[in-house]
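Examination of the molecular architecture
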Amino acid sequence: MDRHYISEEAFEKIYMFLSSEKGVYCKDREKTKNFLESVYFIMRTGAQWIELPEYYGLYKTVHRRFMYWSKKEIWSRIHSYFAQDCDGESFMIDGSVIRAHACASGYKKNGQEEQALGRSKGGFSTKIHALVDALGLPIRFTLTPGQSSEINQAPELIKGISGANIIGDKAFDSNSFIDQIISQGCTPVIPPRSNRKVQRDVDYYLYKERHLIECFFGKLKHFRRIFSRFDKAKATFQAFIDFAATLISLR
């Protein structure tokens, strides 16, 4: 293989973490890198696993290992590890709808909602709810059906955060959410809805930083496997998001 998608510096950091984790077999450095490169190829191109180039190895073997890591939440653990080192001055929160391909349906009868699949104005879709830090680097995610409201996931996304600015658009202007932000010692930077009787003061200069989460979603959607959901199971789609978020953080 002549081309490498993952930088040597980023791989070295990931490999050092994996080497310290129990239950993760990665003694062979080159095979581990080749595996991560193969997952990147699938994630970036959106190709079916059967189309994986031969120099990455047998696609069934690669896919089996990817699914094992998904089941054991290894991809999530990798992202969580690197998300610890964040700029906690401000956090931006938002959601983005992902169109789901027809092949994402049919996982289990009447089980679409459980797999974060639903129907919105955009059609068959999933919504990614995300929290990024002051540098626009991803911290947390939740997945819901496309029609779900963003405010319902917001309390869990900011749970445990204190002493920071919480920046969001008018969709997050909820009394209960504003009260939670204040109770955690944070400052809400959320424009009030026009129908509020009492308008809150907002630092609109600081609110301009909200573009960072939009930029993050733009970077995330460079990966074809995420831009259009092909995976039936929520866990595998989440695994791709976690891996992409890790690489974005390590750029």
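Now for a look at the structure at hand. Given the structure is predicted, the values throughout are model-derived calculations rather than measurements.

A separate point is the overall build of the protein chain. From N to C terminus, the protein chain includes 10 helices and 7 strands. Taken over C-alpha atoms, the radius of gyration comes to 19 Å for the protein chain, in line with the 18 Å a tight globule of 251 residues would show. Here the protein chain holds 251 residues, and 52% of them are scored as buried. Taking as baseline every contact in the protein chain between residues at least 6 positions apart, the subset at least 24 positions apart corresponds to 61%. When the accessible surface of the protein chain is totalled, it reaches about 13,200 Å², and 49% of it is carbon and sulfur.

Here we take up the nonpolar core. Buried together is how nonpolar side chains tend to be arranged in soluble globular proteins. Ranked by size, the top nonpolar core spans 57 residues in total, and within it W75 and I226 carry the most contacts. The greatest single-element share of this core, amounting to 9 residues, is contributed by helix α10 (residues 234–249). Contact partners of W75, with chain neighbours within four places excluded, come to F35, L36, V39, F66, W69, S70, A239, D242 and F243. Counting residues in each nonpolar core, the second largest holds 17 residues, with L131, A164, I166 and C186 among its members.

We now examine the packing of aromatic side chains. The full count for this structure, using the stated rule, is 20 aromatic pairs. For the pair W69 and W75, a centre-to-centre distance of 5.0 Å together with 50 degrees between the ring planes defines the contact as tilted. Grouping residues by exposure puts W69 and W75 together as buried. A network of ring pairs unites the aromatic residues F35, W49, F66, W69, W75, F240 and F243 as a single cluster. A cation over an aromatic ring shows up here: R65 above the ring of F35, its NZ or CZ 4.5 Å from the ring centre.

Along its 17 residues, helix α2 (residues 29–45) runs 24 Å from first to last C-alpha, staying within 8% of the 24 Å computed at 1.5 Å per residue. Summarising burial for α2: 12 of the 17 residues are buried, a large majority. Among all positions of α2, only T32, K33, N34, F35, L36, E37, S38, V39, Y40, F41, I42 and M43 are buried. Against the buried residues of α2 lie α1 (8–20), α3 (59–71), α4 (74–83), α9 (224–227) and α10. Its side-chain oxygen placed 3.2 Å from the backbone nitrogen of E30, D28 serves as the N-cap of α2. Of the residues trailing α2, G46 is marked for its positive phi of about 75 degrees.

About the cut-offs
Residues numbered from 1 in each chain as written. Predicted model: local features only at pLDDT ≥ 70, side-chain atom pairs only at ≥ 80, totals over all residues. Heavy atoms only, no water. Helix = DSSP H or I, 4+ residues; strand = E, 2+ residues; numbered from the N terminus. Rg over C-alpha atoms; globule rule 2.2 N^0.38 Å. Buried < 20%, exposed > 50% of the residue type's maximum accessible area, 1.4 Å probe, protein only. Contact = heavy atoms within 4.5 Å. Areas by Shrake-Rupley, 256 points an atom, 1.4 Å probe, with all protein chains shown as cover. Core = buried A, V, L, I, M, F, W, Y, C linked by side-chain atoms within 4.5 Å. Phe/Tyr/Trp six-rings, centres within 6.5 Å; stacked < 30°, edge-to-face > 60°. Lys NZ or Arg CZ within 6 Å of the ring centre and 35° of its normal. Expected span 1.5 Å × (residues − 1). Polar contact = N/O pair within 3.5 Å; in protein donor to acceptor, adjacent residues only side chain to side chain.

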